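Next come the chains, spelled out residue by residue.
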Amino acid sequence: MSVYGPVVKIHPVVLASICDSYERRNEGASRVIGTLLGTIDKHSIEVTNCFSVPHNESEDEVAVDMEFAKNMYELHKRVSPTEVIIGWYATGFDITEHSVLIHEYYSREASNPIHLTMDTALQSGKMNIRAYVSAQMGVPGKTVGVMFTPLTVKYVYYDTERIGVDLLQRTRVTPSRTKGLTSDLSQVAGSAARIQDMLTTVLAYIEDVLSGKVTADNSVGRFLMDLVNKVPTISAEDFENMLNSNINDLLMVTYLSNLTQAQIALNEKLVLL
């Protein structure tokens, strides 16, 4: 945990990209590095994208392809102008002497950049992900060193990223380690089943508290009260009509999408004749 500094919020696509670059690393390379992109506000740094940067590293020296990093960033700006350079990442568990040199380069590209480490080799038994910010230490005018201070790391996601993460989690229980995409209706049915399971768990907890089997927890009670207050006051008949209307809209969109795909496929076949 950090003692000061902003909170670093990391999106799943960043972690997946780092793992992919590590798996595709050059033969003999012990780690990979890259540029982190995202947004910054007063209290947090949100990492939304990244790209790997070629580099050569030995015991005595390190060489980074800075021209490649600049060109890649210029291309990213055309697609996502709001994303800026916020730091860099490296696979591995420790911060090396070469990390200080690379961090100096990124200090010229961003104000107080962060350094993200990801233990892709599972040296500590799990994939540790840590974020640091540097600070100079020493006597002014004399020898000055760099100290890396850890920051708090949190994981956030967009709704579209959550779908991908849930799909990846389902591959863990399949023998082939693969899982196909489900239809829209299947996703709605799965979400409804999960909500029903959660409600069953909540009701069981409330009944145990009322019967005296479980001691009441004030924090859980406050969460349940917030949950109840967020539910709109609506009659069962109005809710059923609203749900049926939304389902009909979903079915119409699905039908039009399938019809469009069929027309495109038919048009391609006619063109090839």
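These numbers were taken from a predicted model, which means no experiment stands behind them.

When helices and strands are counted, the protein shows seven helices and 10 strands. Relative to its length of 273 residues, the protein is extended, with a C-alpha radius of gyration of 25 Å against a globular reference of 19 Å. C-alpha atoms of the protein, sized along the principal axes, occupy 75 × 75 × 40 Å. With 273 residues in all, the protein has 25% of them scored as buried. When contacts within the protein are restricted to residue pairs at least 6 apart in sequence, those whose partners lie at least 24 apart make up 60%. Total accessible area on the protein is roughly 19300 Å²; 57% of this is exposed by carbon and sulfur atoms.

Before going further, it helps to spend a moment on the pattern of salt bridges. On inspection of all chains with the given rule, the structure shows four salt bridges. Notably, a salt bridge pairs D166 with R162, separated by 3.0 Å at the nearest N-O pair. Of the two residues, D166 and R162 are both situated in helix α4 (residues 159–170); the distance of four residues between them amounts to about one turn of the helix.

As a further point, take the nonpolar core. Judged by nonpolar contacts, the single largest core of 20 residues is most densely connected at I10, L36, V47 and L116. With four residues, helix α1 (residues 12–23) is the largest single contributor of residues to this core. Those residues within four positions of I10 in sequence are excluded, and the remaining contacts are L15, V47, L116, I129, V153, K154, Y155 and V156. Among the nonpolar cores identified, the runner-up in size contains 13 residues, and I33, V53, Y73 and A110 belong to it.

To continue, consider unusual backbone geometry. Backbone geometry at N112 places phi at a positive 50°, although glycine is not the residue there. Mapped onto the elements, N112 comes out in the loop between α3 (97–109) and β7 (114–118). With a relative accessible area of 47%, N112 lands in the partly exposed category.

To continue, consider α3. Among the residues making up α3, those that are buried are H98, S99, I102, H103, Y105 and Y106. On an axial view of α3, the arc spanned by its buried residues comes to 155°, and they lie on one face. Relative to its buried face, α3 has exposed residues pointing more than 90 degrees away, namely E97 and R108.

Another point: the packing of helix α5 (residues 184–211) against helix α7 (residues 236–272). Closest axis-to-axis distance for the α5/α7 pair is 11 Å, and the angle between their directions is 150°. As far as their axial angle goes, α7 and α5 are roughly antiparallel. Counted together, D184, L185 and V188 of α5 and L250, L251 and T254 of α7 form the full contact between these two elements. Looking at the contact of α5 with α7, its residues break down into four nonpolar, one polar and one charged.

What follows concerns the environment of S21. Tracing the sequence through the fold places S21 in helix α1. Distance in space between the C-alpha atoms of S21 and F51 is 8.4 Å, their sequence separation being 30 residues. Leaving out residues up to four positions away in the same chain, S21 has contacts with V32, S52 and Y89. Engagement of the side chain of S21 in a polar contact is seen with the backbone oxygen of I18, the distance being 2.8 Å.

When you tally the buried positions in strand β6 (residues 84–91), you get seven out of eight residues, the bulk of the element. Summarising the sheet, strand β2 (residues 33–40) and β6 pair through six bridges and their orientation is antiparallel. The partner of L37 across the bridge, within β6, is I85. Where β6 and β7 come together, five bridges link them in parallel fashion. Opposite W88, over in β7, you have H115 as the bridge partner.

The N-to-C vectors of helix α2 (residues 66–79) and α3 enclose an angle of 35°; their axes lie 13 Å apart at closest approach. Both α2 and α3 take part in a crossing whose hand is right-handed. Residues M66, A69 and K70 of α2 pack against Y105, R108 and E109 of α3. Looking at the contact of α2 with α3, its residues break down into three nonpolar, no polar and three charged.

Rules and cut-offs
Residues numbered from 1 in each chain as written. Predicted model: local features only at pLDDT ≥ 70, side-chain atom pairs only at ≥ 80, totals over all residues. Heavy atoms only, no water. Helix = DSSP H or I, 4+ residues; strand = E, 2+ residues; numbered from the N terminus. Rg over C-alpha atoms; globule rule 2.2 N^0.38 Å. Buried < 20%, exposed > 50% of the residue type's maximum accessible area, 1.4 Å probe, protein only. Contact = heavy atoms within 4.5 Å. Areas by Shrake-Rupley, 256 points an atom, 1.4 Å probe, with all protein chains shown as cover. Salt bridge = Lys/Arg side-chain N within 4 Å of Asp/Glu carboxyl O. Core = buried A, V, L, I, M, F, W, Y, C linked by side-chain atoms within 4.5 Å. Arc of directions from axis to C-beta. Axes fitted to C-alpha atoms, helices over the stretch in contact; angles between N-to-C directions. Parallel < 35°, antiparallel > 145°, perpendicular 65-115°, else oblique. Nonpolar A, V, L, I, M, F, W, Y, C, P; charged D, E, K, R; others polar. Polar contact = N/O pair within 3.5 Å; in protein donor to acceptor, adjacent residues only side chain to side chain. Pairing = 2+ DSSP bridges. Left-handed = near helix turned anticlockwise from the far one by under 90°.

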